[in-house]
Amino acid sequence: MSAAPFTINPTLSAIAVAYHNGQMIADAVLPRTTPVGTKTFKYTVFPKGEAFTVPNTMVGRRGRPNVVEFGGSQTEATAQDYGLEDEIPQDDIDQAEAARALAPELATPQAHATEMITNLIELDREVRVAGIVFNPATYGAANKVQLAGATQFSNVASTPVGQISDALDGMLMRPNTGIFGAKTWSKLRRHPEIVSAVLGNDGTKGIVTRQQFAELFELEEVLVGEGFVNTAKRGQAEVFARCWGNHAAFIHRNKTANQSKGVTFGMTVPYGTRVAGDWPDRDIGLRGGMKVRVGETVKELITAPDLGFLFQDAVS
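Residues numbered from 1 in each chain as written. Predicted model: local features only at pLDDT ≥ 70, side-chain atom pairs only at ≥ 80, totals over all residues. Heavy atoms only, no water.

Student: Teacher, can you tell me more about the nonpolar core here?
Tutor: In summary, soluble globular proteins display a tendency toward joint burial of nonpolar side chains. Counting residues in hydrophobic clusters, the biggest one holds 24 residues, and the most contacted among them are Ile164, Phe213, Phe250 and Phe311. When residues of this core are traced back to their parent elements, those giving at least two are helix H5 (160-169), helix H6 (182-188), helix H8 (210-216), strand E6 (221-225), strand E9 (248-251) and strand E13 (308-312). Excluding residues within four positions of it along the chain, Phe213 makes contact with Ile164, Phe180, Trp185, Leu188, Ile194, Leu219, Val222 and Phe250. (Core = buried A, V, L, I, M, F, W, Y, C linked by side-chain atoms within 4.5 Å. Buried < 20%, exposed > 50% of the residue type's maximum accessible area, 1.4 Å probe, protein only. Helix = DSSP H or I, 4+ residues; strand = E, 2+ residues; numbered from the N terminus. Contact = heavy atoms within 4.5 Å.)

Student: Could you clarify how one ought to interpret the pattern of salt bridges in this entry?
Tutor: Close approach of charged atoms lets side chains of opposite charge pair. Per the stated rule, a full pass over the model turns up 19 salt bridges. A salt bridge links Arg128 to Glu300; the nearest nitrogen and oxygen atoms lie 2.7 Å apart. Taken together, the residues span a long stretch of sequence, with Arg128 in helix H4 (residues 109-133) and Glu300 in strand E12 (residues 289-302) at a distance of 172 residues. A relative accessible area of 17% places Arg128 in the buried class. One salt-bridge network, in which partners are shared between bridges, spans Asp27, Arg32, Glu122, Asp124, Arg125, Arg128, Arg274, Glu296 and Glu300. (Salt bridge = Lys/Arg side-chain N within 4 Å of Asp/Glu carboxyl O.)

Student: Just checking my understanding: could you explain the side chain of Asp278 for this structure?
Tutor: With respect to the secondary-structure elements, Asp278 resides in strand E11 (residues 275-281). For Asp278, which is buried and forms no salt bridge, the nearest opposite charge comes from Arg293, at a distance of 11 Å. Dropping the residues within four chain positions of it, Asp278 is found in contact with Thr7, Asn9, Leu12, Gln110, Met290, Lys291 and Val292. (Lys, Arg positive; Asp, Glu negative; His and termini not counted.)

Student: In this structure, what is going on with the pairing of strand E5 (residues 177-181)? I would like to understand it.
Tutor: Remember that side chains alternate between the two faces of the sheet whenever the strand is regular. Burial within E5 is extensive, with five of its five residues counted as buried. Judged by which residues are buried, E5 turns out to be covered on both faces: Thr177, Ile179 and Gly181 on one side and Gly178 and Phe180 on the other are all buried. Where E5 lies against E6, five bridges are found, and the strand directions are parallel. In the strand pairing of E6, Thr177 is matched with Glu221. Alignment of E5 against E9, held across four bridges, turns out to be antiparallel. (Pairing = 2+ DSSP bridges.)

Spatial relationships are all this shows, so hold off on functional conclusions.
Here it is in structure tokens:
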């Protein structure tokens with residue numbers, strides 16, 4: 001990266017990179033690729049017909065094999081900066097240093113601020129990714145269905161085994177990852193038809209695990225968005241909602257794909273790595289203080305929307 005007035009603090013950057021909120025699934029849904037060297041980059045979109053059109057492969061005794069050519073269109077995208085700052089009065093830093101003299105294991109205010117800011121940056125990314133993956137506009141008309149009434153998985157009259165199986169079987173590349181909002185997963189894993197299919201009983205008792213559900217539908221992984229976000233404006237009473245709504249998506253995820261190779265539903269392209277730093281600010285309180293900044297530069301991409309299927313309003 002080029003030089004900038006913002007000086008990176010290696011210690012705080014290490015905290016920001018290592019910190020991980022266990023409830024977040026954005027990095028699993030849209031995996032990060034190897035960082036790019038420029039904020040504006042190109043990625044390749046592969047035509048789906050190439051992988052399914054069979055050329056003449058017969059070769060005569062003295063003939064030459066037919067030549068095939070693989071193409072792809074390049075699209076330009078720009079990674080976006082996301083960051084936050086915290087202001088720490090010098091009094092807080094001094095008091096913390098006095099406490100650390102007696103208990104060295106205590107974190108510095110700068111380290112604590114770095115963790116808290118990183119948590120908010122991860123939460124913001126979680127909301128962004130959920131907004132993309134659970135957005136009906138992301139999918140083609142044949143790759144989504146809005147459930148209502150008896151078809152919703154929260155209704156015992158629904159038939160989720162058939163509904164999900166038919167959706168997965170109708171796709172060019174079978175999805176290998178299921179993504180659920182917490183309420184959707186809670187209802188679906190107790191649905192009598194799912195319980196009966198997995199446990200072999202009448203479906204009135206029992207609950208299935210993520211692994212059992214994955215095996216039933218031949219998935220590699222089941223991801224459940226459990227995180228909460230406060231949707232109220234600053235200063236108002238908190239209103240908590242799930243980051244991932246009452247929907248379900250099934251995608252084909254290729255963890256090795258990047259902006260130049262591999263076919264996958266989506267990915268996240270980072271520019272550099274997450275950074276953090278601090279610097280003195282004399283305008284904080286009477287004695288000045290320190291500002292702490294944490295940020296990252298990323299771009300979430302949906303590179304093959306045909307490789308995903310959305311059940312909108314999967315539960316009521």
